[in-house]
Amino acid sequence: DRHLVVVGASLAGLRAVEGARKAGFAGRVTLVGGEPHLPYDRPPLSKAFLDAPEPQVPTYRGEDVLRGELAVGLELGVPAAGLDLAERAVLVGDREIGYDALVLATGAQARTLPVGAGLSGVHTVRTLDDARAVRAALDAGARTVVVGAGFIGSEIASGARKRGLPVTLVEAAPTPLVRAVGKRMGAACADLHRLNGTDLRCGVGVVDIEGRAGRAERVVLSDGSTVDADLVVVGVGADPATGWLAGSGLTVDNGIVCDATLATGAPGVYAAGDVARWHNALFDRPMRLEHWTSAADQGALAARNALDPGNAEPYETVPYFWSDWYGSRIQFVGVPQADEVVVVDGDVTAGRRWVALYREADRLVGALTLNGQRVVMKYRGLIARRASWAQAMEFAAARRSAAA
Ligand code: FAD
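Quick caveat, the model's predicted, so the values are computed rather than measured. (Residues numbered from 1 in each chain as written. Predicted model: local features only at pLDDT ≥ 70, side-chain atom pairs only at ≥ 80, totals over all residues.)

Engineer: Please explain the site of the ligand as it appears in this structure.
Structural biologist: Around the ligand, a shell composed of 36 residues is seen, among which Gly8, Ser10, Gly34, Gly107 and Gly273 lie nearest. Every element with two or more residues in the shell around the ligand is listed here: helix H1 (11-22), strand E2 (28-33), helix H8 (292-307) and strand E22 (320-325). Counted by class, the shell around the ligand contains 20 nonpolar, 11 polar and five charged residues. Two domains each put at least three residues into the shell around the ligand: domain 1 (3-109 + 239-311) and domain 2 (112-236). (Near = placed C-beta within 6 Å. Helix = DSSP H or I, 4+ residues; strand = E, 2+ residues; numbered from the N terminus. Nonpolar A, V, L, I, M, F, W, Y, C, P; charged D, E, K, R; others polar. Domains from an automatic or database assignment.)

Structural data, given as structure tokens:
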């Protein structure tokens, strides 16, 4: 009886378990998770979970389905502390769990600031417990400071504004989201904050978070100004959760380094999701994504490949993510490194709808849309088919004339 062990009980881990069963694997499956919770969906934590009148815990599958239908042994609440490749075993608490095939899906953990640690009212948003604490503070009408105008920070700012709370959004870079969508469109996204009453301050850092009686009270910025706050949400990015693999012999370099099939190089050991850095053949470069869709897809494929390495398939994808701000949906497909960005539809200054295309050499490599749900996957398809820039421009023109 072969044993599949999956470490990390979130999206990629759950999809690994489901992928193995779907592929007909009838052996033993164990899912190891550091959090006490059943696998749950993270995107709602900075969206609906904060807004809804009654917050719903976004659990993917009930325990009955996991233990019954999927026949998974659940080891929740204690993180894996080490990996012994020679013995083919994962260390959890004081136990060693042997594996024949192993999927590493430990995701990422939120970065913190060197200041404000230990003060109540200072939070990151990565876990259900984080989101519960932030929601409780918003329910109490917190004056909110969000540090970092990335996607998660921007969603939190949007959620607090929806409740009519005063929100200051502090960003160290002169323009937000440059690495994610480029400078021009980063500025267009920044305008959405200003149009919706969020006080966005770029080019300033947080120097200190002052507290009283153990509670956050005021944020001190690098330009000398201060902002009163009951809630400080820190959204300054995440790091792959690889600390527990130190000394294991696996190659870790901004994520677990994998080949095109998500193989780590150690027999039977594959990685998936936010923790994996793999070779994406479609763009011929290594990538580590922190996106829902690729984590789900990689989880399923990593398990299939781990169980049948002789027939391992590569994972190729056009990266995709979405983010919801102020009732609008931002979507991005492809890669943002580009020679040129052209807005082919809509008006970026009005902040209601736009389509921006990204060109590298003579190829379409990316598309960013605001409220472009009906078209964004068409551009994803064009990028996957390696469409030329001329083809993309032709397609955009045809869409415009069809709409006119
Ligand atoms: P994770 O979800 O990070 O799960 C890893 C799990 O492994 C965690 O439960 C962790 O506790 C556990 N773990 C860590 N170390 C160990 C260990 N040593 N032993 C055992 N268990 C361990 N993506 C989008 O595309 N669109 C969005 O709108 C969007 N919104 C998001 C909003 C928020 C607030 C967050 C946090 C993320 C969002 N994402 C979004 C990203 C998306 O949720 C992630 O890409 C996805 O969760 C990655 O899944 P994963 O399973 O690889 O990792």
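Engineer: Teacher, can you tell me more about the domain arrangement of the protein chain here?
Structural biologist: Accessible area lost when the parts come together is the quantity often used to give the size of an interface. Parsing the protein chain into structural domains produces domain 1 (3-109 + 239-311), domain 2 (112-236) and domain 3 (327-403). For domain 1 versus domain 3, the separation of C-alpha centres amounts to 32 Å.

Engineer: I would appreciate a short explanation of the UniProt feature "domain: Reductase C-terminal" (unreviewed entry) in the protein chain in the present structure.
Structural biologist: Here the UniProt-annotated "domain: Reductase C-terminal" (unreviewed entry) positions come out as residues 320-391. As a span, residues 320-391 carries 17% helix and 49% strand, and end to end its C-alpha atoms are 21 Å apart. (UniProt positions renumbered as here; feature names shortened; annotations may be inferred.)

Engineer: I keep staring at the sheet that holds strand E11 (residues 167-171) and nothing clicks. Help me out?
Structural biologist: Where strands meet in a sheet, backbone hydrogen bonds hold them as pairs that are either parallel or antiparallel. The five strands are arranged E9-E16-E10-E11-E12 in an open sheet whose pairing can be described as parallel. Edge positions in the sheet fall to strand E9 (122-123) and strand E12 (199-202), since each of these pairs with one other strand and no more. When E11 meets E12, the two strands line up parallel, connected through four bridges. From the neighbouring strand, Leu169 faces E12, where its bridge partner is Leu200. (Pairing = 2+ DSSP bridges.)

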